[in-house]
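Chain by chain, the residues:
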Amino acid sequence: MKIFDIKHKSADGKARTGVLHLAHGDVQTPVFMPVGTNATVKAMPKDFLEEIDFEIILANTYHLFLRPGPDLIQEAGGLHGFSQWKKNFLTDSGGFQVFSLSKLRKISDEGVKFQSHIDGSYHMFTPENVVQTQTKFNSDIQMQLDVCTGYDEPRKVAEKALKTTSDWLLRAKKEWEIQQQAGYKGVLFPIVQGHFYEDLRKQSAEFVSSLDFPGIAIGGLSVGEPHEEFTRFMNYTCEHLPEEKPKYVMGIGTPEYILDAVQSGIDMFDCVLPTRNARNGSYFTHRGMLSIKQERWIHDFGPVDAECNCKVCRTYSKSYLRHLFKEQEILSSILASYHNLYFLHNMVKEIRVAINEDRFEQYRKDFLEKFHSGV
């Protein structure tokens, strides 16, 4: 099942542009995907996301499984009918949240039993029911259930996690094929694991490649490791994946990490960071991060970023935005979230142009030089 066309390979490296063909429209790549945990990107009405021109957003299986539940979402017409976001949804498997939020979890060959962080009730995720849940969501791209490991885990834990993840993938694939036969149009991505061991990474990459999925996700990175380790293992993993498949690195959302990912040949990335930073008064600018709470902005009636063309920068001053933040006005989160998402979306658009013009490496160098120069 082919869903991806490579449009242009950069003459100065591995970066490339392409198009994902999904059930709710085409997606230009490289692409940054905003995270909408509860079927909403925090502080961002769908109209704003459409205005910025996003083509795909994320939703979270763990949270939506607990509330409002997959049956209600299916009754509403899937995530698209429920939220009225008519473009694409990617949903994660919920595995990361099970491991990070649950006070009590027990992994077995069958799946993972966990306790809800909301009310303490017990639930079971299996590779099969996670596919079934995401099918009820009508996800355009869904993820397999995997086992997440932290950066400092010993090799034995990494080996066990990889074996479980690989076994679960075969079961997830079988269930996805059943759902396809019943009319489901979404695709399933496997997740490469293997922790920070090259042989395990290679083993995982070769295993998922052999199964010929429409695309491949790279998990287990950006979990607290040093930046150099992230880059090294991302590059190493990519070397063992088929070039023609779209590749998705989970959980990255800063300019440095995005540019590193694109340089490695990654096509898709997501992160909660832009909107989380926004709610804490931190704005992306071409000259680095700007903290709006600082006193030096009290009498500054200029925009957050003079080089940004978003409606926040065209309309509001740093002085006013600081006032909104200090008064804890809801509008502060809305405007900051809009700006940060616009900034990253615009950056990725510029990246695509640079790749198509065979000047990505120069763009990356120039962008980072300015970004690190300081506000």
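So, here's what we can say about the structure. (Residues numbered from 1 in each chain as written. Predicted model: local features only at pLDDT ≥ 70, side-chain atom pairs only at ≥ 80, totals over all residues. Heavy atoms only, no water.)

1. A few points about the environment of Ile-57
(1) Moving on: Following the sequence through the fold, Ile-57 ends up in strand β5 (residues 56–59).
(2) Moving on: According to the relative accessible area criterion, Ile-57 is buried, its value standing at 3%.
(3) Moving on: Excluding anything up to four places from it in sequence, Ile-57 contacts Pro-34, Val-41, Leu-49, Trp-85, Asn-88, Phe-89 and Leu-90. (Helix = DSSP H or I, 4+ residues; strand = E, 2+ residues; numbered from the N terminus. Buried < 20%, exposed > 50% of the residue type's maximum accessible area, 1.4 Å probe, protein only. Contact = heavy atoms within 4.5 Å.)

2. Focus: the pattern of salt bridges
(1) Moving on: All told, the structure shown has 22 salt bridges when counted by the stated rule.
(2) Moving on: Here Lys-163 makes a salt bridge to Asp-167, at a shortest N to O gap of 2.8 Å. With Lys-163 and Asp-167 both in helix α7 (residues 155–181) and four residues apart, the pair spans about one turn of that helix.
(3) Moving on: For Lys-163, a relative accessible area of 52% translates into the label exposed.
(4) Moving on: Of the charged contacts, one joins Arg-232 and Glu-229 as a salt bridge, the two residues approaching to 3.3 Å between their closest N and O atoms. Highlighted residues: Arg-232 and Glu-229, both in helix α9 (residues 227–239), separated by three residues, approximately one helical turn.
(5) Moving on: A relative accessible area of 40% means that Arg-232 is categorised as partly exposed.
(6) Moving on: Connected via shared salt-bridge partners are Glu-110, Glu-128 and Arg-171. (Salt bridge = Lys/Arg side-chain N within 4 Å of Asp/Glu carboxyl O.)

3. As for the environment of Tyr-283
(1) Moving on: Relative to the helices and strands, Tyr-283 is located in strand β16 (residues 282–285).
(2) Moving on: When the C-alpha atoms of Tyr-283 and Gly-374 are compared, they prove to be 13 Å apart, with 91 residues separating the residues in sequence.

4. Section: the packing of α9 against helix α10 (residues 255–263)
(1) Moving on: Look at α9 against α10: their axes get within 10 Å of each other, and the N-to-C directions meet at 25°. Put simply, α9 runs roughly parallel to α10. Of the two possible hands of crossing, α9 and α10 adopt the one that is right-handed. For the pair α9 and α10, the contacting residues are His-227, Phe-230, Thr-231 and Met-234 in the first and Glu-256, Tyr-257, Asp-260 and Ala-261 in the second.
(2) Moving on: Per-class residue counts for the contact of α9 with α10 are four nonpolar, two polar and two charged. (Axes fitted to C-alpha atoms, helices over the stretch in contact; angles between N-to-C directions. Parallel < 35°, antiparallel > 145°, perpendicular 65-115°, else oblique. Left-handed = near helix turned anticlockwise from the far one by under 90°. Nonpolar A, V, L, I, M, F, W, Y, C, P; charged D, E, K, R; others polar.)

5. Section: unusual backbone geometry
(1) Moving on: In this structure, Pro-30 follows Thr-29 across a cis peptide bond, with omega equal to 0°.
(2) Moving on: Here the phi dihedral of Ala-39 falls at roughly 65°; this positive angle occurs in a residue that is not glycine.
(3) Moving on: Of note, Ala-39 is situated in the loop between β4 (31–34) and α1 (46–52).
(4) Moving on: A relative accessible area of 12% means that Ala-39 is categorised as buried.

6. A short note on the pairing of strand β3 (residues 25–29)
(1) Moving on: Pairing analysis gives five bridges linking strand β2 (residues 16–22) to β3, with the strands arranged antiparallel. When the bridges of β3 are listed, Leu-20 appears paired with Val-27.
(2) Moving on: Joining the antiparallel neighbours β2 and β3 is a turn of two residues. (Pairing = 2+ DSSP bridges.)

7. Examining the sheet that holds strand β9 (residues 122–125)
(1) Moving on: Taken together, the three strands give an open sheet; going across it, the order is β7-β8-β9, and neighbouring strands pair in antiparallel fashion. Edge positions in the sheet fall to β7 (105–107) and β9, since each has one partner strand and no second. Averaged over all adjacent pairs, the angle separating strand axes in this sheet is 15°, with direction ignored.
(2) Moving on: In terms of strand pairing, β7 meets strand β8 (residues 112–115) through three bridges, oriented antiparallel. The partner of Ile-107 across the bridge, within β8, is Val-112.

8. What about the environment of Pro-70?
(1) Moving on: When you line up the elements, Pro-70 lands in helix α3 (residues 70–75).
(2) Moving on: Residue classification places Pro-70 among the buried residues on the basis of a relative accessible area of 11%.
(3) Moving on: Taking the C-alpha atoms as reference points, Pro-70 and Gln-132, 62 residues apart in sequence, are found 9.0 Å from one another.
(4) Moving on: Those residues within four positions of Pro-70 in sequence are excluded, and the remaining contacts are Leu-64, Phe-65, Thr-133, Lys-136 and Phe-137.

9. Examining the state of the cysteines
What we call a disulfide is simply a covalent bond connecting the sulfur atoms of a pair of cysteines.
(1) Moving on: According to the stated counting rule, one finds zero disulfides in the structure shown.
(2) Moving on: In this model Cys-310 remains outside any disulfide bridge; the closest cysteine sulfur is found in Cys-308, 3.6 Å from its own.
(3) Moving on: Its relative accessible area of 1% is what places Cys-310 among the buried residues. (Disulfide = S-S within 2.5 Å.)

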